[in-house]
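Commentary on secondary and tertiary structure
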Amino acid sequence: MNVVYACDDKYAMLAGVSIESLLRTNHDVDEIRVFVLTNGVSEENAQKLISIAEQNHRKINLVTVSAETFKSKKLCIDAQRWSLAAFARLFTPQLLPDLDRILYLDCDTIVLGSLMDVWNVDLGSCTCAAVAEPFSAYHKKNVGMDKGEVYYNSGVMLIDLDKWRNQDAISLFVASIDRHRGRVPYVDQGVLNEVFRSKFYCLPAKYNVFTEYYDFSYGEVERYRADKVVYSEIEIEEAAKFPVIMHYVSSFMTPRPWVQGSTHPYAQQWDEYCAYTPWKRAKKWSDTPGKSKLMLRWMFRCTPRRFAIWVAMIMNSYVRPMLDSAYCKKSAHAKASEKRQSIQK
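All values derive from a computational prediction rather than experimental measurement.

Evaluation of the coordinates by the stated rule reveals 16 salt bridges. Two residues, Glu 133 and Arg 225, come together in a salt bridge whose shortest N-O distance is 2.9 Å. Highlighted residues: Glu 133 in the loop between β6 (128-132) and α6 (137-142) and Arg 225 in helix α11 (residues 218-225), separated in sequence by 92 residues. According to the relative accessible area criterion, Glu 133 is buried, its value standing at 6%. For Lys 163, the salt bridge goes to Asp 160, with nearest N and O atoms at 3.9 Å. Residue Lys 163 is classed as buried on the basis of its relative accessible area of 19%. The class of Asp 160 is buried, set by a relative accessible area of 14%. Linked by salt bridges that have partners in common, Arg 89, Asp 106 and Asp 188 make up one network.

This part is about the confidence of the model for the chain. Within the chain, residue pLDDT values average 89, and 90% of them lie at 70 or more. Contacts from residues 332-345, a stretch scored under 50 in pLDDT, to residues over four places away or in other chains number three contacts.

Moving on, we get to the sheet that holds strand β10 (residues 245-247). The strand order β5-β10-β9 describes an open sheet built from three strands, whose pairing is mixed. The open sheet has two edge strands with one neighbour each: β5 (109-111) and β9 (209-210). The pairing of β5 with β10 spans three bridges and is antiparallel. Looking across to β10, one finds that Thr 109 is bridged to His 247.

Cut-offs used in this document
- Residues numbered from 1 in each chain as written.
- Predicted model: local features only at pLDDT ≥ 70, side-chain atom pairs only at ≥ 80, totals over all residues.
- Heavy atoms only, no water.
- Salt bridge = Lys/Arg side-chain N within 4 Å of Asp/Glu carboxyl O.
- Helix = DSSP H or I, 4+ residues; strand = E, 2+ residues; numbered from the N terminus.
- Buried < 20%, exposed > 50% of the residue type's maximum accessible area, 1.4 Å probe, protein only.
- pLDDT = per-residue confidence, 0-100.
- Contact = heavy atoms within 4.5 Å.
- Pairing = 2+ DSSP bridges.

Here you go:
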């Protein structure tokens, strides 16, 4: 089993905790090879990651992903609130040339059960597998998708690297990033959904359980995201009760476990795995929400819940994608203007 992560120095601790959970819950697997695509990870944190693998009698490979990786493709990337490490998985066919299949996990996950079933999924003609996530029509439109198409979360992905190579996927990714002037909505996740669309295999929800399924009811998730949930209500309830992979997706309602004052239902499990790592005495991050998160928290405390969800839906499913679209158009006009000036000279 080949498991891949990507992180910068800030998220090295999160990667370490996730790796610890992976190796402890899958100790009976004959072979697990862990690969971490690193961008700016300090020597101290690199050694901590190595020590986690060693204490679990496994091997870990740290693969450096520098800015040159992106410059060589003539890419100008606006990573927004994410880091360049978020784009690293797009280059795995090149960075990991000897591998034909990988299971990619985001750093903000923990593994709570066996991964053998998902590792052995028959992808058929699909290029990768992931868990579906409800996204509004406007978000989908921004990455060239139709309203009725299924959008996928890229935090957990089973990837057939040979198919990616045969399809020259890296060139397709680069073209997607260039179309968005380096600012793709939801960074690499937007790229993957734009490029592959119908080529995804849909995994059961238990392999990527989002925080929002604890913050909201099934119907509230659909209203907040302005989209239908692909899975049935029973499937989501079962996944939330018995997650195989918990994904601590950012939520304005619930701070994540490594943040002070977290009330996440699975915060204790994260703390327990952290206690096995070299970061067991690390200070938790301060909870510093932005203005929009503070406003939404206030609304959920002080206004009728249905009204608060409606406001949150407007902001997340309409305002945000409109701003993303406006930025892309502005960048396109600026680039065209620069080209005209260059021709005139």
